[in-house]
Amino acid sequence: MADLANFDPNRAGNPNNNIFGLPFTEDESRLVILPVPWEVTVSYNAGTARTAEHVFKASLQVDLFEPEFNDGWKQGFYMRTPDKKVLLKSDYLRKEAELLIAYISKGEAVEKNSFMCKSLKDINEGSAYLNDWVYQQTADLIKKGKLVALLGGDHSTPLGYLKAISEKYPDFAILQIDAHFDFRKAYDGFKYSHASIMYNVLKEIPAVSKLVQIGIRDYCEEEFEFAKANRGRVLTYFATELKEQQFEGRTWKEIVDEIVDQLPTNVYLSFDIDGLDPKLCPNTGTPVFGGFEIEQISYLLKKMMKSGRKFIGFDLSEVGVGESDWDANVGARILWKLCNMLVAGNN
């Protein structure tokens, strides 16, 4: 463990240290953050492939005092440097995807164009490569006894991590904070689209015994029907229904208590930042009006942990990159809170 005797947590973060200005190496750290610089299939705003560098910069302004979770950071947080090979592959395939999406949007048939067929094949193969890369990285960290946090990138990025963590926890739930179901099947032909992550999770990871989604407010009919068809495994709290319940006098505490009661012992958090009110994340990939305040989600997670549920891991995705660092500032503070919670939940 790093010697903190000469480390002053009350000063501005030192950029020569790691994320949040912390003086830990990977080996010394209890928790390792894996950045995944990938956004090949995003269908609206781009930029999230470069989230990590912006969040790193913003993290240096985060105050480290964390009385609520007993200064979990002192056990060590470390973020790896984004893999340049993955980023370059994302950039290349993103250009291919843009051409393909533009072609499809004009009503053209992909199968009639050999160039577009090749592009689609390359994109799907690239996404499969990414899933395997994430699996290998996270499985190795888990075997070393590390807690793992994944920082996207778009919301397709955690599939490999979920496969890795399912080898340690053969029965767990995903608590999904999101504006979208993410139940589209091969959206625009992309098998591992950001809009298909939870469809793929349910199809490929049997260890996920339950998916509890909150904040859903933008979806297609096919996704709605898929959710209904999988009602025994999927529980969805729609944003409109949650708002209406509160308008009619139901408290957030009552709603949270109900949500927590639906969760099994082991819980993984998949946090797409567009689940929040877009004033907090205006440059996210697909912003949708409405959404949560950060304090609402923090309260939910605290109640979950106090209930005795085990917080086993998380991903934070779709943090946007804009002209200002507002999105990164919000993303860094959410990441800080979640990292401390994850450590506190595994002491």
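Just above, that's the structure.
Keep in mind it's a predicted model, so treat the numbers as computed, not measured.

1. Considering the overall build of the protein chain
Argument step 1. When you go through the protein chain residue by residue, the secondary structure sums to ten helices and eight strands.
Argument step 2. Whereas a compact globule of 347 residues would reach a radius of gyration of roughly 20 Å, the protein chain reaches 20 Å, a difference of no more than 12%.
Argument step 3. Seen through its principal axes, the protein chain has C-alpha atoms that stretch 65 × 50 × 40 Å.
Argument step 4. Put simply, the protein chain has 347 residues, and 56% of those count as buried.
Argument step 5. Expressed as a percentage of contacts within the protein chain between residues at least 6 apart in sequence, the contacts between residues at least 24 apart total 77%.
Argument step 6. For the protein chain, the exposed area adds up to about 15000 Å²; of that, 49% sits on carbon and sulfur atoms.
Argument step 7. Separation between the mean location of the 40 positive side-chain charges and that of the 50 negative ones in the protein chain comes to 4 Å.

2. Comments concerning unusual backbone geometry
Argument step 1. The omega angle of the peptide bond from Gly152 to Gly153 is 15°, so this bond is cis rather than trans.
Argument step 2. Looking at the secondary structure, you find Gly153 in the loop between strand S3 (147-152) and helix H4 (159-166).
Argument step 3. Despite not being glycine, Asp182 shows a phi value in the positive range, around 65°.
Argument step 4. By the secondary structure assignment, Asp182 is in the loop between strand S4 (172-177) and helix H5 (197-204).
Argument step 5. A relative accessible area of 4% means that Asp182 is categorised as buried.

3. Things to note about the nonpolar core
Argument step 1. Core analysis: the biggest nonpolar cluster contains 61 residues, and Leu175 and Leu335 have the highest contact counts within it.
Argument step 2. If one sorts the elements of this core by residue count, helix H10 (residues 326-344) sits on top with eleven residues.
Argument step 3. Other than its neighbours up to four places away in sequence, Leu175 contacts Val212, Ile259, Val267, Tyr268, Leu269, Ser270, Leu300, Leu301 and Met304.
Argument step 4. The next biggest cluster of nonpolar side chains, apart from the first, holds 50 residues, and it includes Tyr169, Phe172, Phe190 and Ala207.

4. Quick word on the environment of Thr25
Argument step 1. Here Thr25 shows up in the segment before strand S1 (31-36).
Argument step 2. A residue is classified by how much of its surface remains accessible, and Thr25, at 39% relative accessible area, is partly exposed.

5. A few points about helix H3 (residues 114-143)
Argument step 1. Along its 30 residues, H3 runs 43 Å from first to last C-alpha, staying within 8% of the 44 Å computed at 1.5 Å per residue.
Argument step 2. At the C-terminal side of H3, Gly145 shows a positive phi close to 85°.

6. Notes on the side chain of Arg309
Argument step 1. Positionally, Arg309 belongs in the loop between helix H9 (294-306) and strand S8 (310-317).
Argument step 2. Within the buried core, Arg309 has no salt-bridge partner, and the shortest N-O distance to an opposite charge, that of Asp261, equals 4.8 Å.
Argument step 3. Here the side chain of Arg309 touches Val260 through a polar contact of 3.0 Å, landing on its backbone oxygen.
Argument step 4. Polar side-chain contacts of Arg309 include one of 3.3 Å to the side chain of Ser307.
Argument step 5. Ignoring anything within four residues of it in the chain, the contact list for Arg309 reads Val260, Asp261, Leu263, Pro264, Thr265, Val267 and Met304.

7. Concerning the side chain of Ser317
Argument step 1. Within the element layout of this structure, Ser317 appears in strand S8.
Argument step 2. Relative accessible area serves as the criterion here: at 0%, Ser317 is assigned to the buried category.
Argument step 3. Apart from residues no more than four positions distant in its own chain, Ser317 is found in contact with Gly152, Gly153, Asp154, His155, Phe271, Asp272 and Ile273.

8. Observations concerning the pattern of salt bridges
Argument step 1. All told, the structure shown has 19 salt bridges when counted by the stated rule.
Argument step 2. As a salt-bridge pair, Arg50 and Asp91 come within 2.7 Å of each other at their nearest N and O atoms. Taken together, the residues span a long stretch of sequence, with Arg50 in the loop between S1 and helix H1 (51-59) and Asp91 in helix H2 (residues 84-105) at a distance of 41 residues.
Argument step 3. For Arg50, a relative accessible area of 32% gives the class partly exposed.
Argument step 4. A residue is classified by how much of its surface remains accessible, and Asp91, at 25% relative accessible area, is partly exposed.
Argument step 5. Of the charged contacts in the structure, one is a salt bridge between Glu225 and Lys228, with a shortest N-O distance of 3.5 Å. With Glu225 and Lys228 both in helix H6 (residues 221-229), this residue pair falls three residues apart, about one helical turn.

9. Here's the deal with the environment of Tyr187
Argument step 1. Following the sequence through the fold, Tyr187 ends up in the loop between S4 and H5.
Argument step 2. Each C-alpha atom, one on Tyr187 and one on Ser43, is 9.7 Å from the other, the two residues being 144 residues apart in sequence.
Argument step 3. When near neighbours in sequence (up to four residues on either side) are disregarded, Tyr187 contacts Ser43, Ser193, Ala195 and Ser196.

10. Observations regarding empty space enclosed by the protein
Argument step 1. Summed over all chains, the structure comprises two cavities of 30 Å³ or more.
Argument step 2. Reported here for the largest cavity is a volume of approximately 60 Å³.
Argument step 3. In this structure, the largest cavity is lined by Ile142, Lys146, Leu147, Val148, Tyr161, Ile165, Lys168, Tyr169 and Ile312.
Argument step 4. When the residues that make up the lining of the largest cavity are grouped by side-chain class, the tally is seven nonpolar, no polar and two charged.

Here is what the cut-offs are and how they apply
Residues numbered from 1 in each chain as written. Predicted model: local features only at pLDDT ≥ 70, side-chain atom pairs only at ≥ 80, totals over all residues. Heavy atoms only, no water. Helix = DSSP H or I, 4+ residues; strand = E, 2+ residues; numbered from the N terminus. Rg over C-alpha atoms; globule rule 2.2 N^0.38 Å. Buried < 20%, exposed > 50% of the residue type's maximum accessible area, 1.4 Å probe, protein only. Contact = heavy atoms within 4.5 Å. Areas by Shrake-Rupley, 256 points an atom, 1.4 Å probe, with all protein chains shown as cover. Lys, Arg positive; Asp, Glu negative; His and termini not counted. Charge placed at Lys NZ, Arg CZ, Asp CG, Glu CD. Core = buried A, V, L, I, M, F, W, Y, C linked by side-chain atoms within 4.5 Å. Expected span 1.5 Å × (residues − 1). Salt bridge = Lys/Arg side-chain N within 4 Å of Asp/Glu carboxyl O. Polar contact = N/O pair within 3.5 Å; in protein donor to acceptor, adjacent residues only side chain to side chain. 1 Å grid on protein atoms, 1.4 Å probe; cavity = no way out; pocket = protein on both sides within 12 Å on 5 of 7 lines; lining within 4 Å. Points joined across faces, edges and corners; volume = space filled by probe spheres on them. Nonpolar A, V, L, I, M, F, W, Y, C, P; charged D, E, K, R; others polar.

Worth remembering: the numbers are spatial, not functional.
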